[in-house]
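Chain and residue survey
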Amino acid sequence: MAPKVAANADPRAGGVLIKPYRRVKRTNDEISPDFLAILALLLGILGSMSKNKLAAWGAVFVSASSFVNIRRGEVDYMQLVCSYSFSALSLIACYLARRLKSTAEREADTSIFG
């Protein structure tokens, strides 16, 4: 049963001071790792090494998701830059390498000595 309170009495504690919440500042060593950024980095490396388009696009989407879900006070900029650069590098490696290969094959077919 609920305790009985008089009709005109205020059930809240009137004399208690409420302190506002203050976030504890952390250094870069104390910040928890961003697992989406690490996954984007790994997918970017996999996409650039194996020329896998699915892994390259996955790295782009996971790095974008990592950027969207960042907490303002807990940002490791170096990790973000690495994951974005590897995802972009994997896309470049997938698409540009194939284009250069096809251009080289066309030039070999039209050469005089081939």
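Digging into the packing of helix 1 (residues 35-50) against helix 2 (residues 53-68)
- Relative to each other, helix 1 and helix 2 sit at 160 degrees, their axes nearing to 8 Å. On the basis of their axis angle, the class for helix 1 and helix 2 is roughly antiparallel. Handedness of the crossing formed by helix 1 with helix 2: left-handed. The segment helix 1 lies against helix 2, with Leu36, Ala37, Leu39, Ala40, Leu43, Gly44, Leu46 and Gly47 engaging Ala55, Ala56, Gly58, Ala59, Val62, Ser63, Ser65 and Ser66.

Points about unusual backbone geometry
- Within the chain, Lys51 stands out as a residue other than glycine whose phi angle is a positive 55 degrees.
- Its relative accessible area of 34% is what places Lys51 among the partly exposed residues.

Some words on the confidence of the model for the chain
- In this model, the chain carries an average pLDDT of 78, and 66% of its residues clear a pLDDT of 70 or more.
- The lowest-confidence element of the chain is helix 3 (residues 77-109), averaging 79 in pLDDT; the highest-confidence one is helix 2, averaging 91.

Some points on helix 2
- For helix 2, spanning 16 residues, the distance from its first C-alpha to its last is 23 Å, which sits close to the expected 22 Å at 1.5 Å a residue.
- Here helix 2 has its buried residues at Ala55, Ala56, Gly58, Ala59, Val62, Ser63 and Ser66. In a view along the axis of helix 2, the buried residues occupy a sector of 160 degrees, so they form one face of it. In helix 2, the exposed positions angled more than 90 degrees off the buried face are occupied by Leu54, Phe61, Phe67 and Val68.
- Where helix 2 begins, one side-chain oxygen reaches toward the backbone nitrogen of Leu54, 3.2 Å away; that side chain belongs to Asn52.

Here is what the cut-offs are and how they apply
- Residue positions are counted from 1 within each chain, in the order its sequence is given.
- With the structure being a predicted model, the display of local features is reserved for residues of pLDDT at least 70 and the display and counting of side-chain atom pairs for 80 or more, all residues being used for whole-chain, interface and lining totals.
- The side-chain values count all of the structure's non-hydrogen atoms but skip hydrogen atoms and water molecules.
- Between N-to-C directions, angles cover 0 to 180 degrees, with each direction set by a line fitted to C-alpha atoms, over the stretch in contact for helices.
- Runs of E in the DSSP output that reach at least two residues are strands. Runs of H or I that reach at least four are helices, and both are numbered from the N terminus.
- An angle below 35 degrees is treated as roughly parallel, one above 145 as roughly antiparallel, one from 65 to 115 as roughly perpendicular, and anything else as oblique.
- In this scheme the crossing of two helices becomes right-handed for a clockwise turn of the near helix relative to the far one and left-handed for an anticlockwise turn of less than a right angle.
- Residues count as neighbours in contact if any of their non-hydrogen atoms are within 4.5 Å of one another.
- Burial here depends on accessible area, computed with a 1.4 Å probe over protein chains only, as a share of the maximum for the residue type. Under 20% is buried, over 50% is exposed, and the range in between is partly exposed.
- Scored between 0 and 100, pLDDT is the confidence that the predictor attaches to each residue.
- The span one expects for a helix is its residue count, reduced by one, times 1.5 Å.
- What the arc covers is the set of directions going from the helix axis to the C-beta atoms.
- In the analysis that follows, any N or O atom pair within 3.5 Å is treated as a polar contact, provided that within protein one partner can donate a hydrogen and the other can accept it, and provided that, for residues neighboring in sequence, both atoms belong to side chains.

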